[in-house]
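# Per-entry structural report
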Amino acid sequence: MFPDRSQFSGLRRAIPVLVRSGVAPCPPRGGCNGVAASSSSTESQEMNPARIEPMQDELAIAHAGRMALFLGSSSSQGFNLWLKRESGRSCGVSSNVPRLTQLAAIAGMSSIDYARQHSMMGALRVAARPADMASYGAHEGVNFTKRLGMLTQKADAHLCPRCVEEDLDHPKFSWFRRTHQLQGIDWCPTHRTPLIKVRGSDPWALLPQHWMERGEVEVLKLGASDLDPNGFVNRFMEIACALLERPRPFAVRLLVGRSGAGAWIAHQSRGCQTQPE
Ligand SMILES: [Zn+2]
């Protein structure tokens, strides 16, 4: 169930400002260039089909939520139907592809690029057997993409107030970063300030700035206002963030027997949410 969005209705009028320029070309099947949906669905007819690209490091599920918000969708179910129909109609993708692939198509990106830049698969599936070494988001690994492509690691959504502040300066709206949702990362890797937890039940349905405006956030009690110089924590943060940039899993044989590797993978896997798509 989406939160009350009436106070954010102005966002729809602001779509031309909110949609970034520099749009990547769409597959040559009619083009994702803003052609209105032809379905008989009322929601599809009302939703503005303008392309809303993911922002840098934006988490896939948060991108979907922001897209639904900007397009004025009244429910997550309605948006999902629209996404499936529009990605097939305008971009030519099959209706049974993973939701991540649908989002990639509608954003004008390949599933592999989208997975590497916007999913958490690099942290959720660190290593694989030789037979399963395909890139994250690749057709050969479609079952992994279906299972993991839209997941995050923490049980709650987190944001950095300084990132929000900078986002509101430019481009005038905020978004959820993947690096803030990594298990064990309690500070913003960019600003080195404590992250804030969103208390809302459907955090991705609104933007970080909205949760802050509503006061539905909770400051983490970390015992320090800024990240203390701590070699272990800093190194952990660097490695976790680097995993997100990986195009494919490591080979299991490279990690087996290396000190701490098993513990690392177990730690990263513990926080995975297991909701199906
Ligand atoms: Zn930040």
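Here's a quick rundown of the structure. (Residues numbered from 1 in each chain as written. Predicted model: local features only at pLDDT ≥ 70, side-chain atom pairs only at ≥ 80, totals over all residues.)

## Points about the overall build of the protein
Helix and strand counts for the protein come out as 14 helices and five strands. Taking all contacts inside the protein whose residues are at least 6 apart in sequence as the whole, residues at least 24 apart take part in 70%. (Helix = DSSP H or I, 4+ residues; strand = E, 2+ residues; numbered from the N terminus. Contact = placed C-beta atoms within 7 Å.)

## Some thoughts on helix 5 (residues 76-91)
Between its first and last C-alpha atoms helix 5 spans 21 Å; for 16 residues at 1.5 Å apiece the expected length is 22 Å, and the two agree. For helix 5, every residue scored as buried is listed here: Phe-79, Trp-82, Leu-83, Glu-86, Ser-87, Ser-90 and Cys-91. Buried positions in helix 5, seen along its axis, are confined to an arc of 120 degrees and lie on one side of it. Once helix 5 finishes, Gly-92 follows within two positions and takes phi at roughly 75 degrees, a positive value. (Expected span 1.5 Å × (residues − 1). Buried ≥ 20, exposed ≤ 12 C-beta atoms within 10 Å, placed from the backbone. Arc of directions from axis to C-beta.)

## Focus on the nonpolar core
Counting residues in each nonpolar core, the largest one holds 59 residues, and the members touching the most others are Leu-103 and Leu-159. Looking at which domains feed residues into this core, each of domain 1 (6-118) and domain 2 (158-219) gives three or more. Ignoring anything within four residues of it in the chain, the contact list for Leu-103 reads Ala-60, His-63, Ala-64, Leu-83 and Tyr-114. (Core = buried A, V, L, I, M, F, W, Y, C linked by C-beta atoms within 7 Å. Domains from an automatic or database assignment.)

## A word on unusual backbone geometry
Residues His-170 and Pro-171 are joined by a peptide bond in cis, for which omega reads 15 degrees. Non-glycine residue Asp-57 carries a positive phi angle of around 65 degrees. Relative to the assigned elements, Asp-57 resides in the loop between helix 3 (42-46) and helix 4 (60-71). For Asp-57, a count of 19 C-beta atoms within 10 Å corresponds to the partly exposed category. Positive phi, close to 90 degrees, is recorded for Lys-172, a residue that is not glycine. Among the structural elements, Lys-172 can be located in the loop between helix 10 (161-169) and strand 3 (196-198).

## As for the environment of Met-121
Its place among the elements puts Met-121 in helix 8 (residues 121-124). Exposure remark for Met-121: the 28 C-beta atoms within 10 Å place this residue in the buried category. Along the sequence, Met-121 and Gly-137 sit 16 residues apart, while their C-alpha atoms lie 8.7 Å from each other. Apart from the residues lying within four places of it in its own chain, the contact partners of Met-121 are Ala-115, Tyr-136, Leu-148 and Gly-149.

## Remarks on the packing of helix 5 against helix 6 (residues 99-106)
Remark: helix 5 packs on helix 6, axes separated minimally by 9 Å, with the N-to-C direction vectors making an angle of 50 degrees. With respect to each other, helix 5 and helix 6 are oriented oblique. Considering how the two elements wind past one another, helix 5 and helix 6 form a crossing that is left-handed. Facing helix 5, whose interface residues are Leu-83, Lys-84, Glu-86, Ser-87 and Cys-91, helix 6 presents Gln-102, Leu-103, Ala-105 and Ile-106. Per-class residue counts for the contact of helix 5 with helix 6 are five nonpolar, two polar and two charged. (Axes fitted to C-alpha atoms, helices over the stretch in contact; angles between N-to-C directions. Parallel < 35°, antiparallel > 145°, perpendicular 65-115°, else oblique. Left-handed = near helix turned anticlockwise from the far one by under 90°. Nonpolar A, V, L, I, M, F, W, Y, C, P; charged D, E, K, R; others polar.)

## Concerning helix 6
Of all eight residues in helix 6, seven are buried, a share of seventy percent or more. Every buried residue belonging to helix 6 is among Leu-100, Thr-101, Gln-102, Leu-103, Ala-104, Ala-105 and Ile-106, and all of these are buried. Where helix 6 is buried, its residues contact helix 4, helix 5, helix 7 (111-118) and helix 9 (142-148). Once helix 6 ends, the next one or two residues include Gly-108, with phi positive near 75 degrees.

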